[in-house]
Amino acid sequence: MLEQVKPSGAEKENKLYDEERPNKKLEDELRKKYSGIVYHYCSLDTFFKIVTNHTIRASNIRKSNDYYEIIGCVDSFNIAMKRACIKYMDENPDNESFKKFFMPKGMKKIDIDDIVHSAIDNESCTYYCACFSTQKDLLSQWITYADDGRGVAIAFKEAYFYDLIDYCHYKYAEIEYDLNDPNSDRLENIVQYIMKGFCDLDEKLNHSATGADYANVIFKVVNAMVYNAVFYKDTSFRAECERRLVFYPFGTVRNLRYKFVTGTYDRNQMFLDRMMELVEMGENVKKFYRKPIDFAIKSKKISSYVDFDFSKCIKYLVPEIILGPKCTIDDLDLKLFLVSNGFDLEYTKISHSKSSYQ
């Protein structure tokens, strides 16, 4: 097995994730933005496991219907890519290298559709997600995620989740719902990001870039977009006001610059070594402990998951537990249950949904 490299060392050579890092002012704004309360709606069975095990589960999104959200971004990515390429050609009509690299009307040396799909389908592109809502007492959430209102909503202080961010293996952010709008500002931002990549390349190579150089820009942009695809959903889900904690188990392995950190380059071996680490070892991450990857039977399939142990911050992490409109838990039993599992009722209050749904 390769010697384990600290994530901080890999990040120094990892331009893909360094580019995601906000500047100091923006970082302060984001930290303030993600300093509120979010709610995890769940059934009583799930609630029981969270409380007794002191864990928040991040599920493999490839094993859920949510994975189609990621695939649903492919069309938007393609639109952005092709818009950027056509716009660049219009602004640089004499660039013969780019013309050979990309031609409109389907005559292109490289198939952007294939690039995006191959990046999405790559096994190393795996997301483990824990989902939350900023809405405290939302009927649609009770019905969809909390056993038709029989479950509970657990409040969490999201600053603890945001504190996990390292832009390589862990990320916490809100869901964006407008990417599939062909006229959205977000889509235009991606177009501009791609254009900047082409222009920076021209400046760096003094306008002598080859088709392979432009292709490399495309690959880097696709990797960045696929990395963030888990934070996009269709506009029909906007009412959920969702935020996600995401664990990327193969964050550094996916980026080829990792070879400069390890001093070797056998991508398949690196991938296998990382899998062994994931199933054998956990990791202390700020106030949490990420447990080794474990497995369960889900929908007649073996599905992997990751649990985040919050025993170290149990006293302050959960300020409230809201009982659903159909929940029949006795308040005293709930208080005894919480106390017996290490919760402090001075900091964790119990309330009831105000919804009249029955």
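Not measured: the values here are computed from a predicted model.

Engineer: I would appreciate a short explanation of the overall build of the protein chain in the present structure.
Structural biologist: A count of helices and strands for the protein chain gives 17 helices and 12 strands. Out of the 358 residues belonging to the protein chain, those deemed buried represent 46%.

Engineer: Looking at this structure, how should I read the pairing of strand 6 (residues 242-247)?
Structural biologist: In terms of residue burial, strand 6 counts as a mostly covered element, since six of its six residues are buried. Burial along strand 6 is two-sided: the face carrying E242, R244 and V246 and the face carrying R243, L245 and F247 are both buried. In this structure, strand 3 (residues 128-133) lies alongside strand 6, joined through six bridges in antiparallel fashion. Within the sheet, the bridge partner assigned to C129 lies in strand 6 and is V246.

Engineer: Help me out: how do you make sense of the nonpolar core in this one?
Structural biologist: One broad trend across soluble globular proteins is that nonpolar side chains are buried collectively. Ranked by size, the top nonpolar core spans 88 residues in total, and within it F47 and Y127 carry the most contacts. Per-element tally for this core: the top contributor is helix 12 (residues 211-228), with nine residues. If sequence neighbours within four positions are ignored, Y127 has contacts with S59, N60, I61, I70, V226, Y227, A229, V230, V246, F247 and Y248. In this structure, Y39, W142, A146 and A155 belong to the second largest nonpolar core, which totals seven residues.

Engineer: When you look at the packing of helix 4 (residues 44-53) against helix 17 (residues 331-340) in this model, what are you seeing that I'm missing?
Structural biologist: How two helices sit against one another is set out by the angle between their axes and by the gap between those axes. Across the interface, helix 4 lies against helix 17 with an axial gap of 9 Å and an inter-helix angle of 35°. For the pair helix 4 and helix 17, the contacting residues are F47, F48, V51 and T52 in the first and L334, F337 and L338 in the second.

Engineer: Explain unusual backbone geometry to me, please; I cannot follow it from the model alone.
Structural biologist: Comment: phi is negative for the bulk of residues other than glycine, and the bulk of peptide bonds are trans. Unusually for a residue other than glycine, H54 sits at a positive phi of about 60°. Topologically, H54 is positioned in the loop between helix 4 and strand 2 (55-60). The backbone of C241 sits at a positive phi, close to 45°, despite the residue not being glycine. Here C241 lies in the loop between helix 12 and strand 6.

Engineer: For this particular structure, what's the right way to read the packing of aromatic side chains?
Structural biologist: Aromatic ring pairs are defined here through the distance separating the ring centres and the angle between the ring planes. Evaluated as defined, the whole model comprises 24 aromatic pairs. With a centroid separation of 4.5 Å and an interplanar angle of 40°, the aromatic rings of F250 and F271 are classed as tilted. Note that F250 is positioned in the loop between strand 6 and helix 13 (251-254) and F271 in helix 15 (residues 267-280), a separation of 21 residues in sequence. Three or more aromatic residues joined by ring pairs make a cluster, and in this case those are Y34, Y128, F132, F156, F161, Y162, Y170, Y172, F247, F288 and F308. Note that R57 overlies the ring of Y305, its terminal NZ or CZ placed 3.5 Å from the centroid.

Engineer: Quick question: what am I supposed to make of the side chain of S133 here?
Structural biologist: The residue S133 is located in strand 3 in this model. A distance of 2.7 Å separates a polar side-chain atom of S133 from the backbone oxygen of E240.

Engineer: What's the story with a nonpolar patch on the surface in this structure? I'm lost.
Structural biologist: A cluster of nonpolar side chains, contributed by M276, V279, F295, I297 and I302, occupies part of the molecular surface with about 510 Å² of accessible area. Secondary-structure elements contributing two or more residues to the nonpolar patch are helix 15 and strand 9 (294-298). Looking at the secondary structure, you find F295 in strand 9. We classify F295 as partly exposed; its relative accessible area is 46%.

Engineer: How should I be thinking about the pairing of strand 2 in this particular structure?
Structural biologist: Relative to strand 10 (residues 301-309), strand 2 is paired through five bridges, and the arrangement is antiparallel. The residue of strand 10 that forms the bridge with R57 is D307. Two elements, strand 2 and strand 3, share two bridges in a ladder whose sense is antiparallel. By the bridge assignment for strand 3, S59 is matched with C129.

Analysis parameters
- Each chain carries its own residue numbering, running from 1 in the written order of its sequence.
- This being a predicted model, a pLDDT of at least 70 is required before a residue's local features are given, and a value of 80 or more before pairs of side-chain atoms are given or counted; all residues contribute to the totals for chains, interfaces and linings.
- Values shown for side chains rest on all heavy atoms present in the structure; no hydrogens or waters enter the calculation.
- By the criteria applied, helices consist of DSSP H or I runs no shorter than four residues and strands consist of E runs no shorter than two, each listed in order from the N terminus.
- We call a residue buried when its accessible area falls under 20% of the maximum for its residue type, exposed when it is over 50%, and partly exposed in between, using a 1.4 Å probe and counting protein chains only.
- Only strands that DSSP links by at least two bridges are regarded as paired with each other.
- The nonpolar core is taken to be a set of buried Ala, Val, Leu, Ile, Met, Phe, Trp, Tyr and Cys residues, with the residues joined through side-chain atoms within 4.5 Å.
- When checking whether two residues touch, look at their non-hydrogen atoms; a contact exists if any pair is within 4.5 Å.
- Think of each axis as a best-fit line through the C-alpha atoms, taken over the contacting stretch in the case of a helix, with angles from 0 to 180 degrees between the N-to-C directions.
- By convention, a stacked pair of Phe, Tyr or Trp rings (six-membered ring in the case of Trp) has centres within 6.5 Å and planes under 30 degrees apart, an edge-to-face pair has planes over 60 apart, and any other such pair is tilted.
- Remark: a charge is flagged as sitting over a ring if the NZ atom of Lys or the CZ atom of Arg is within 6 Å of the ring centre and within 35 degrees of the ring normal.
- Contacts described as polar in this section are N or O atom pairs within 3.5 Å, which, within protein, must combine one atom able to donate a hydrogen with one able to accept it, while residues neighboring in sequence count only if both atoms come from side chains.
- Each patch is built from residues lacking any salt bridge and having more than 30% relative accessible area; the joining distance is 9 Å for like charges and 5 Å for nonpolar side chains (Val, Leu, Ile, Met, Phe, Trp, Tyr).
- Methods summary: accessible areas were calculated by the Shrake-Rupley approach with a probe of 1.4 Å, and residue burial reflects only the protein chains presented.
- We define a salt bridge as a side-chain nitrogen of Lys or Arg found within 4 Å of a carboxyl oxygen belonging to Asp or Glu.

Distances and angles like these do not, on their own, reveal function.
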